[in-house]
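Results of the structural survey
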Number of protein chains: 2
Amino acid sequence: MPSRKHGAVELLGLEARATEEDHKSIRLWLRLLSATNLVKNEVQSRLRRTFGTTLARFDLLAQLERHPEGLAMGPLSKRMMVTAGNVTRLVDQLEAEGLVTRVPDPRDRRTVRVRLTAEGRRRFAAMAAVHEGWIVELFRGLSREDREQLYGLLAALKQSVARALAREGGRAG
Amino acid sequence: MPSRKHGAVELLGLEARATEEDHKSIRLWLRLLSATNLVKNEVQSRLRRTFGTTLARFDLLAQLERHPEGLAMGPLSKRMMVTAGNVTRLVDQLEAEGLVTRVPDPRDRRTVRVRLTAEGRRRFAAMAAVHEGWIVELFRGLSREDREQLYGLLAALKQSVARALAREGGRAG
DNA sequence: GGTCAAATTTTGACTTGTCAACTATCTACC
DNA sequence: GGTAGATAGTTGACAAGTCAAAATTTGACC
């Protein structure tokens, strides 16, 4: 039966191609992770050497700087993409250093708003300027078009993940 | 002096445009970080729920799987992009679980080669198949062209960072 | 052949992160 | 207005990461 044999060969071809595509997704993910780690490790090490601080603290200050009215722990942890328990302790430290304050919310006594102090704003501004220079330098090898394409593709990736999680969530909970 | 005034306006325009581009680099970096964290947090949580393991251990096993002859601590830590001190303790745990072994190198008694045990190979294979499915699903919303473009742009980014570090290293060390 | 610097791994002290359990408060409903 | 369940934050136990200092071995040079 030549037609059956032909069909089997085609099926095998399809399967091989699918597997090939799957491996490509893994390689893409590994490359995404390693590119990010490359930048992150470098920024981390420079923040430490130059300002004696960490990326987590810098990130926390950056979030607060964009919200002068302050942010509650919950939203703050969402924006930082870490758990609330982690943020609690970061805020403890930054509060002890005098860079942020906890302001009780009169409307809801469960929540606290975290705000930059004047000193925190001053210190962050100094670091942010230098930090921006580092990033510009590290990304300088990409053309403006490359940067814009990458920016767009990362948005598409975030959407892709969000949709996958929605499918998952719709099924399970 | 209209020409001088005109020049000043042009200069201002250039500076504003430069600052604009700088901010775009920062936004690109933040988006890269958040896209990566999105995937990483999800994979991390699934590895935990499904297999009771962590991304660090999974990654370590994955590196060893690609090197059946074993890897010394140094190269292993470079590939995982973490410090050797960290890898020492991860290997301690995986060795205690019977998934890897430390093999002394007869050529150089300072180094140890870390290898997968049969059990380690078996366990990793089971996890890797499921893991690949997760990644494929999370990246499914990107077209094949998008994935290939992203793959290329991430390579360009890694090169850009490497060149920036080389410039830096050439100057400082 | 001895010494001194470089390389490899480990260890200790610390920060960042997770999860699960706990406390306190709020909201909705009876 | 009292109770039940959801929501906000903190805490404890632990995993994963950092750096710097120690221990051991190697290699090169005099």
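All of these numbers come straight from a predicted model, not from anything done at the bench.

Here the focus is the overall build of chain A. Check the secondary structure of chain A and you find six helices and three strands. Residue pairs at least 24 apart in sequence account for 50% of intrachain contacts in chain A once pairs closer than 6 positions are excluded. Total accessible area computed for chain A in this model is approximately 10100 Å², and 54% of it derives from carbon and sulfur atoms.

Another point: the protein's contact with DNA strand C. Around DNA strand C lies a shell of 25 residues, among which Thr54, Thr83 and Arg109 of chain A together with Gly74 and Arg89 of chain B are the nearest. Asn86 of chain A is positioned such that a nitrogen or oxygen atom in its side chain is 2.7 Å from a sugar or linking oxygen of DNA strand C. Contact distances for DNA strand C include 3.2 Å between a base nitrogen and a side-chain N or O atom of Arg110 of chain B. Residues belonging to the surface near DNA strand C are distributed by class as follows: eight nonpolar, eight polar and nine charged.

As a further point, take the relation of the copies chain A and chain B. The two copies are related by a screw motion: chain A maps onto chain B through a turn of 180 degrees and a shift of 0.0 Å along the axis, at an RMSD of 0.0 Å. Classification of the inter-copy transformation places it as that of a two-fold axis. When the interface residues of chain A are mapped onto chain B, 100% of them again lie at the interface, so the same face is used by both copies.

All names here are of chain A. The interhelical angle for the contact between helix α2 (residues 55-65) and helix α3 (residues 73-80), taken along N-to-C directions, is 120 degrees, at an axis separation of 10 Å. In this view, α2 runs oblique relative to α3, as classed from their interaxial angle. Here α2 runs over α3; the crossing is right-handed. Between α2 and α3, the residues in contact are Ala56, Asp59, Leu60, Gln63 and Leu64 and Leu76, Arg79 and Met80, respectively. Taken together, the residues of the contact of α2 with α3 sort by class into five nonpolar, one polar and two charged.

As a matter of local geometry, DNA strand D sits amid 25 residues, with Gly74 and Arg89 of chain A together with Thr54, Thr83 and Asn86 of chain B nearest to it. Near the protein, within 4 Å, the atoms of DNA strand D are sugar or phosphate in 71% of cases. Within the contact set of DNA strand D, a phosphate oxygen lies 3.1 Å away from a backbone nitrogen or oxygen of Met73 of chain A. Thr88 of chain A places a polar side-chain atom, nitrogen or oxygen, 2.8 Å from a phosphate oxygen of DNA strand D. Going through the elements one at a time, α3 and α4 (84-96) of chain A together with α2 (55-65) and α4 (84-96) of chain B are the ones with two or more residues in the surface near DNA strand D. Taken together, the residues of the surface near DNA strand D sort by class into eight nonpolar, eight polar and nine charged.

Now for the interface of chain A and chain B. Each partner contributes to the interface: chain A provides 55 residues, whereas chain B provides 55 residues. In total, about 6100 Å² of surface goes out of reach between chain A and chain B, with carbon and sulfur atoms giving 68% of it. For the pair chain A and chain B, the interface holds six salt bridges. Of all the secondary-structure elements, those providing two or more residues to the side of chain A that touches chain B are α1 (2-51), α5 (118-139) and α6 (144-172) of chain A. With 23 residues, the top contributor of residues to the side of chain A that touches chain B is α1 of chain A.

Moving on, we get to the side chain of Glu132 of chain A. Assignment of secondary structure puts Glu132 of chain A in helix α5. Although Glu132 of chain A lies buried, it forms no salt bridge, and the closest oppositely charged side chain, Arg27 of chain B, sits 8.7 Å away as judged by the N-O distance. Residue contacts for Glu132 of chain A: discarding those within four places in its chain leaves Asp22, His23 and Ile26 of chain B.

All names here are of chain A. Taken in spatial order, the three strands line up as β1-β3-β2 in an open sheet, and their pairing is antiparallel. Each end of this open sheet is capped by a strand with a single partner; those strands are β1 (71-72) and β2 (100-104). Examined bridge by bridge, β2 and strand β3 (residues 112-116) share five bridges and lie antiparallel to one another. Its bridge partner being in β3, Val100 is matched across the sheet by Leu116.

Definitions and cut-offs
Residues numbered from 1 in each chain as written. Chains lettered and ligands numbered in written order. Predicted model: local features only at pLDDT ≥ 70, side-chain atom pairs only at ≥ 80, totals over all residues. Heavy atoms only, no water. Helix = DSSP H or I, 4+ residues; strand = E, 2+ residues; numbered from the N terminus. Contact = heavy atoms within 4.5 Å. Areas by Shrake-Rupley, 256 points an atom, 1.4 Å probe, with all protein chains shown as cover. Near = heavy atom within 4 Å. Polar contact = N/O pair within 3.5 Å; in protein donor to acceptor, adjacent residues only side chain to side chain. Nonpolar A, V, L, I, M, F, W, Y, C, P; charged D, E, K, R; others polar. Least-squares fit on C-alpha atoms with pLDDT ≥ 70 in both. Axes fitted to C-alpha atoms, helices over the stretch in contact; angles between N-to-C directions. Parallel < 35°, antiparallel > 145°, perpendicular 65-115°, else oblique. Left-handed = near helix turned anticlockwise from the far one by under 90°. Buried area = accessible area lost by both parts, 1.4 Å probe. Salt bridge = Lys/Arg side-chain N within 4 Å of Asp/Glu carboxyl O. Buried < 20%, exposed > 50% of the residue type's maximum accessible area, 1.4 Å probe, protein only. Lys, Arg positive; Asp, Glu negative; His and termini not counted. Pairing = 2+ DSSP bridges.

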